Amino acid sequence: MSAAGEKTKLKNINVSVWRGDSAGGTFQNYAVPAQESQTILDVVAWIQQNQDPTLSYRYACRVGMCGSCAMMVNGQPRWTCRTHVQKVIKKNKLVIAPLRNLPVIKDLATNMDEFFDKWVRAEGVFHPTRTRDDEIEKINPETSKRARANAAIECINCAVCYASCDVVSSNKDYLGPAALNRAWSLVNDVRDGALDQRLDAVSKSGGCHNCHSQHGCVKFCPNELNPTAAIAGLKLETAKTMFRRRR
Amino acid sequence: MLDLRLYMAQRLTALIMVPLTFGHIAVMIYAIEGGLSAAEILSRTKGSLAWALFYGTFVVAVSIHGAIGLRVIMFETFDLKGRPLSIFSWAVFLSLLYLGARAVYAVTTT
């Protein structure tokens, strides 16, 4: 059979892609040829390259490192470069939308300013206690504190947890799972010198105490982190600090 | 919306309510099993500082705990914010406190 004949035999996937901007938009339908080991990002790229060059979306590494390609796929937040179509397709249909809980810039690209601003608000910045002139501090990876810091450290800032969180949906002030997970990682980092500052930052109005422990972040985190446990750790640590300071 | 202060107030009042709730259930079972009449129950509670403190503490804890819980629901589900939210929270707290204190007063004063 000729190459053209092979092509016509390819099955098409029905794909609905959200098109629009911050003022609003609608879903547009595309037929995309199914391929073996095809990812959601492959589908979006195929539409942009073959059917509609005006489609906007964001990606960089394509290997699950950079955290820039997250989107809603069939209603659930996913890192699209590592999500196989076969894993999430339902009745040969895909519905692809911009990440939930974030304002849309255009089509599938969201404005992530508030997501990253909240990292700063949660004191997600490392405050070193040594200078470059000091000797490098030896860290024992076996300690329980370091194990807790390590458990939270593999976040790739993809905002999948932020999109999955119902508390973020109903409380725009809430710092969200990723920022609080980062804060927890630094609370457990013995090299950091801003513990009190950080615990104060996560104790404010939109802080860790607003988490309802619904575990959406745990369910959807592509790196299988546990932000709910990190937030529970922050709740406990801030409560202890409250009693410590009153003494 | 919830800061450390409100979070701790809600958790600590929950901590207080747990033993008091068990105490209340135990007393209810005891009163019913023993066949105490309303008059007999009142004769034991009236003039009793211990019962006034027991149910008085419970009422205060419930008022704080309930007001904070409803505050969260009003904010997250019904989008009530700022001053109206504070007024709502205080109104729930004061209403529960008034109703509860009135009941405690009625059964413990002679």
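What you see is a predicted model, and the numbers here were worked out from it, not measured in a lab. (Residues numbered from 1 in each chain as written. Chains lettered and ligands numbered in written order. Predicted model: local features only at pLDDT ≥ 70, side-chain atom pairs only at ≥ 80, totals over all residues. Heavy atoms only, no water.)

Draft legend 1. Main features of the nonpolar core. Residue and element names in this part refer to chain A. Membership of the largest hydrophobic core comes to 40 residues, with the highest contact counts inside it found for F115, Y174, L180 and L234. At the level of secondary structure, the elements contributing two or more residues to this core comprise β3 (70–73), α4 (113–121), α6 (160–164), α7 (166–170), α8 (177–187), α10 (216–220) and α11 (227–246). Of the residues forming this core, the biggest block, 6 residues, is contributed by α8. Both domains that meet at this core, namely domain 1 (3–110) and domain 2 (113–246), each give it at least three residues. Beyond its immediate stretch of four places on either side in the chain, L180 contacts Y174, L175, V202, C208, I231 and L234. Among the nonpolar cores identified, the runner-up in size contains 23 residues, and Y30, L41, C69 and L94 belong to it. (Core = buried A, V, L, I, M, F, W, Y, C linked by side-chain atoms within 4.5 Å. Buried < 20%, exposed > 50% of the residue type's maximum accessible area, 1.4 Å probe, protein only. Helix = DSSP H or I, 4+ residues; strand = E, 2+ residues; numbered from the N terminus. Domains from an automatic or database assignment. Contact = heavy atoms within 4.5 Å.)

Draft legend 2. Representation of the interface of chain A and chain B in the model. Contacts between the two partners involve 16 residues from chain A and, on the opposite side, 10 residues from chain B. For the pair chain A and chain B, the two sides together bury roughly 1,200 Å², of which 61% comes from carbon and sulfur. By the criterion of area lost to chain B, the three top residues of chain A are S170, H209 and M242 of chain A, representing 40% of everything that side buries. The tally of links between chain A and chain B comes to 0 salt bridges. (Buried area = accessible area lost by both parts, 1.4 Å probe. Salt bridge = Lys/Arg side-chain N within 4 Å of Asp/Glu carboxyl O.)

Draft legend 3. Region of interest: the packing of aromatic side chains. In total, this model carries 8 aromatic pairs over all chains according to the counting rule given. Taken together, a centroid distance of 4.9 Å and an interplanar angle of 70° make the contact between F54 of chain B and Y55 of chain B edge-to-face. The rings of F115, F116, W119 and Y162 of chain A are connected pair by pair, giving a single aromatic cluster. (Phe/Tyr/Trp six-rings, centres within 6.5 Å; stacked < 30°, edge-to-face > 60°.)

Draft legend 4. Spatial organisation of a nonpolar patch on the surface. Residues and elements named next belong to chain B. Nonpolar side chains collect at one region of the surface, where I25, M28, I29 and I32 lie side by side and expose about 390 Å² of accessible area between them. Take I25: it is sitting in helix α1 (residues 4–33). With relative accessibility at 35%, the residue I25 sits in the partly exposed group. (Patch = residues over 30% accessible without salt bridge, like charges linked within 9 Å, V, L, I, M, F, W, Y side chains within 5 Å. Areas by Shrake-Rupley, 256 points an atom, 1.4 Å probe, with all protein chains shown as cover.)

Draft legend 5. Layout of the pairing of strand β5 (residues 93–97) of chain A. All names here are of chain A. Of the pairings in the sheet, the one linking strand β1 (residues 12–21) to β5 comprises 4 bridges and is parallel in character. What sits directly across from V17, in β5, is I96. Here β3 pairs with β5 via 2 bridges, running antiparallel. When the bridges of β5 are listed, V73 appears paired with I96. (Pairing = 2+ DSSP bridges.)

Draft legend 6. Inspection of the environment of D117 of chain A at higher detail. All names here are of chain A. Tracing the chain through its elements places D117 in helix α4. In this structure D117 comes out as partly exposed when scored by relative accessible area, which is 48%. The sequence separation of D117 and S203 amounts to 86 residues, and the corresponding C-alpha distance is 17 Å.

Draft legend 7. Main features of the packing of helix α3 (residues 49–78) of chain B against helix α4 (residues 82–108) of chain B. Residues and elements named next belong to chain B. The N-to-C vectors of α3 and α4 enclose an angle of 160°; their axes lie 8 Å apart at closest approach. Regarding the angle of α3 to α4, the classification is roughly antiparallel. Considering only the axes of α3 and α4, their crossing is right-handed. Across the contact of α3 with α4, the residue classes break down as 19 nonpolar, 6 polar and 1 charged. (Axes fitted to C-alpha atoms, helices over the stretch in contact; angles between N-to-C directions. Parallel < 35°, antiparallel > 145°, perpendicular 65-115°, else oblique. Left-handed = near helix turned anticlockwise from the far one by under 90°. Nonpolar A, V, L, I, M, F, W, Y, C, P; charged D, E, K, R; others polar.)

Draft legend 8. Focus on the side chain of K235 of chain A. Structurally, the position occupied by K235 of chain A is in helix α11. Buried charged residue K235 of chain A carries no salt bridge. Nearest counter-charge: E76 of chain B, at 10 Å. Setting aside chain neighbours within four positions, we find K235 of chain A in contact with C208, H209, C211 and S213 of chain A together with Y7 of chain B. (Lys, Arg positive; Asp, Glu negative; His and termini not counted.)

Draft legend 9. Structural detail: the packing of α4 of chain A against α8 of chain A. Residue and element names in this part refer to chain A. Between α4 and α8, whose axes approach to 8 Å, the crossing angle comes to 25°. What the angle tells us is that α4 and α8 run roughly parallel. Handedness of the crossing formed by α4 with α8: right-handed. Residues F115, K118 and W119 of α4 pack against A178, A179 and R182 of α8. The class makeup of the residues in the contact of α4 with α8 is 4 nonpolar, no polar and 2 charged.

Draft legend 10. The domain arrangement of chain A, seen in detail. Residue and element names in this part refer to chain A. Partitioning chain A into structural domains gives domain 1 (3–110) and domain 2 (113–246). With centres defined by C-alpha atoms, the gap from domain 1 to domain 2 works out at 31 Å. Summing both partners gives a buried area of about 1,200 Å² for domain 1 against domain 2, and 60% of it is carried by carbon and sulfur. A salt bridge links R100 to D166; the shortest N-O distance between them is 2.7 Å. When contributions to the side of domain 1 that touches domain 2 are tallied by element, the ones reaching two or more residues are β3 and β4 (76–79). Looking at the side of domain 1 that touches domain 2 residue by residue, the classes come out as 9 nonpolar, 4 polar and 2 charged.

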